[in-house]
Amino acid sequence: MDEELIIAKSGEAAVRMARELSENCPPNYFIVEDHNTNTVYYKHADPPHNIIKTRYTDEHIRIAHRSFLPQHERYIRWDRMNTEASDGKRDYYVPKENTANGLSVVKAELARQFRITDFPEDRNMDVETTILRFDAEGKHYTVEVADNFKDDYASGQIRIDLRQIVPCLRASVDNRVFVTSKGIEWNEA
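Note that the structure is a prediction, hence the values are computed from the model and not measured. (Residues numbered from 1 in each chain as written. Predicted model: local features only at pLDDT ≥ 70, side-chain atom pairs only at ≥ 80, totals over all residues. Heavy atoms only, no water.)

## Comments concerning the packing of aromatic side chains
So, step 1. This model, assessed by the stated rule, comprises four aromatic pairs.
So, step 2. Taken together, a centroid distance of 5.7 Å and an interplanar angle of 35 degrees make the contact between Phe 134 and Tyr 141 tilted.
So, step 3. Assessed through its relative accessible area of 0%, Tyr 141 is described here as buried.
So, step 4. Members of the aromatic cluster, connected to one another through ring pairs, are Phe 114, Phe 119, Phe 134 and Tyr 141. (Phe/Tyr/Trp six-rings, centres within 6.5 Å; stacked < 30°, edge-to-face > 60°. Buried < 20%, exposed > 50% of the residue type's maximum accessible area, 1.4 Å probe, protein only.)

Structural data, given as structure tokens:
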């Protein structure tokens, strides 16, 4: 369907949020709508099936299905399997591959390592970062993700090993790391 028609029908803000829903999905995650709880979350494709809660609604998934329909076989296979397994109570949406922004990839790595699904976000307008705060392992952790990393990640030019975020957090004196397009920074002992 033409995007202008979708905007006219659903509103520009809803279409923007639907595009954001698709673009923010980390690699190897699916967008899941659970009809029983009316929640939308990202779920990892492979065990242990980590999930990341989102602020999106079923309306955004419907718009994403119509507007930004992915073109690969996994979508059809997952959709068919999901329909049979859930008796229509849960819908999967597989976004186009390699569209995730840096913030969602950082959240996915934290979810994988710490088994946490909720990451409250704050903004630090002074240095243009998004701040993620969470509790794990009996400590309070803070991860700041620079806007340049968040925006540049999808380009494929950033070569940072995000698996190092958790070891850096644990090694940090103040349980805090800063992720930029140049690397991961932390205060060492």
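## Considering unusual backbone geometry
Negative phi is the rule for most residues except glycine; trans is the rule for most peptide bonds.
So, step 1. The phi torsion at Glu 128 lies on the positive side, around 55 degrees, for a residue other than glycine.
So, step 2. Looking at the secondary structure, you find Glu 128 in the loop between β5 (121-124) and β6 (129-136).
So, step 3. Notably, Glu 137 is not glycine yet its phi reads approximately 55 degrees, a positive angle.
So, step 4. Position of Glu 137 among the secondary structure elements: in the loop between β6 and β7 (139-146).
So, step 5. Judged by its relative accessible area of 47%, Glu 137 falls in the partly exposed class. (Helix = DSSP H or I, 4+ residues; strand = E, 2+ residues; numbered from the N terminus.)

## Points about the pairing of β5
So, step 1. Bridge count between β5 and β6: four bridges; the pairing is antiparallel. Each residue of the ladder has a partner; that of Asp 122, found in β6, is Ile 131.
So, step 2. Joining the antiparallel neighbours β5 and β6 is a turn of four residues, in which Glu 128 adopts a positive phi near 55 degrees. (Pairing = 2+ DSSP bridges.)

## Some details on the sheet that holds β6
So, step 1. Strand order across the open sheet formed by five strands is β5-β6-β7-β8-β9, with mixed pairing between neighbours. Strand pairing shows two members of the sheet lacking a second neighbour, β5 and β9 (183-186), which therefore form its edges. Looking at each pair of strands side by side, their axes are set apart by 25 degrees on average, direction ignored.
So, step 2. Against the sheet, helix α5 (residues 102-114) makes contact with β5, β6 and β7, and its axis sits at roughly 10 degrees relative to β6, the strand it touches most. (Axes fitted to C-alpha atoms, helices over the stretch in contact; angles between N-to-C directions. Contact = heavy atoms within 4.5 Å.)

## Overview of the layout of surface pockets
So, step 1. Roughly 420 Å³ of internal volume is contained in the largest pocket.
So, step 2. Lining the largest pocket are 20 residues, and of these Asn 24, Arg 55, Leu 103, Lys 107 and Glu 121 lie nearest its centre.
So, step 3. Contributions of two or more residues to the lining of the largest pocket are made by β3 (51-53), α5 and β5.
So, step 4. In terms of residues, the lining of the largest pocket owes the most to one element, α5, which gives three residues.
So, step 5. Split by residue class, the lining of the largest pocket holds six nonpolar, six polar and eight charged.
So, step 6. Quantified by volume, the second largest pocket comes out at close to 200 Å³.
So, step 7. As for the second largest pocket, its lining consists of Pro 26, Pro 27, Asn 28, Tyr 29, His 44, Val 105, Ala 108, Glu 109, Arg 112, Tyr 153 and Leu 162.
So, step 8. The element best represented in the lining of the second largest pocket is α5, accounting for four residues.
So, step 9. Looking at the lining of the second largest pocket residue by residue, the classes come out as seven nonpolar, two polar and two charged. (1 Å grid on protein atoms, 1.4 Å probe; cavity = no way out; pocket = protein on both sides within 12 Å on 5 of 7 lines; lining within 4 Å. Points joined across faces, edges and corners; volume = space filled by probe spheres on them. Nonpolar A, V, L, I, M, F, W, Y, C, P; charged D, E, K, R; others polar.)

## Here's the deal with the environment of Glu 109
So, step 1. Examined against the element boundaries, Glu 109 turns out to sit in helix α5.
So, step 2. Sequence-wise, Glu 109 and Ile 165 are 56 residues apart; in three dimensions their C-alpha atoms are separated by 8.0 Å.

## Structural notes on the pattern of salt bridges
So, step 1. Across all of its chains, the model carries 10 salt bridges by this definition.
So, step 2. Of the charged contacts, one joins Glu 20 and Arg 16 as a salt bridge, the two residues approaching to 3.8 Å between their closest N and O atoms. Placement of both Glu 20 and Arg 16 in helix α2 (residues 12-23) is noted, with a separation of four residues, approximately one turn of the helix.
So, step 3. Taking the shortest distance from any N to any O, the salt bridge between Arg 170 and Glu 137 comes out at 2.4 Å. One end of the pair, Arg 170, is in helix α7 (residues 165-171); the other, Glu 137, is in the loop between β6 and β7, and 33 residues separate them in sequence.
So, step 4. Using a relative accessible area of 40% as the deciding quantity, one classes Arg 170 as partly exposed. (Salt bridge = Lys/Arg side-chain N within 4 Å of Asp/Glu carboxyl O.)

None of the figures reported here should be taken as evidence of function without further support.
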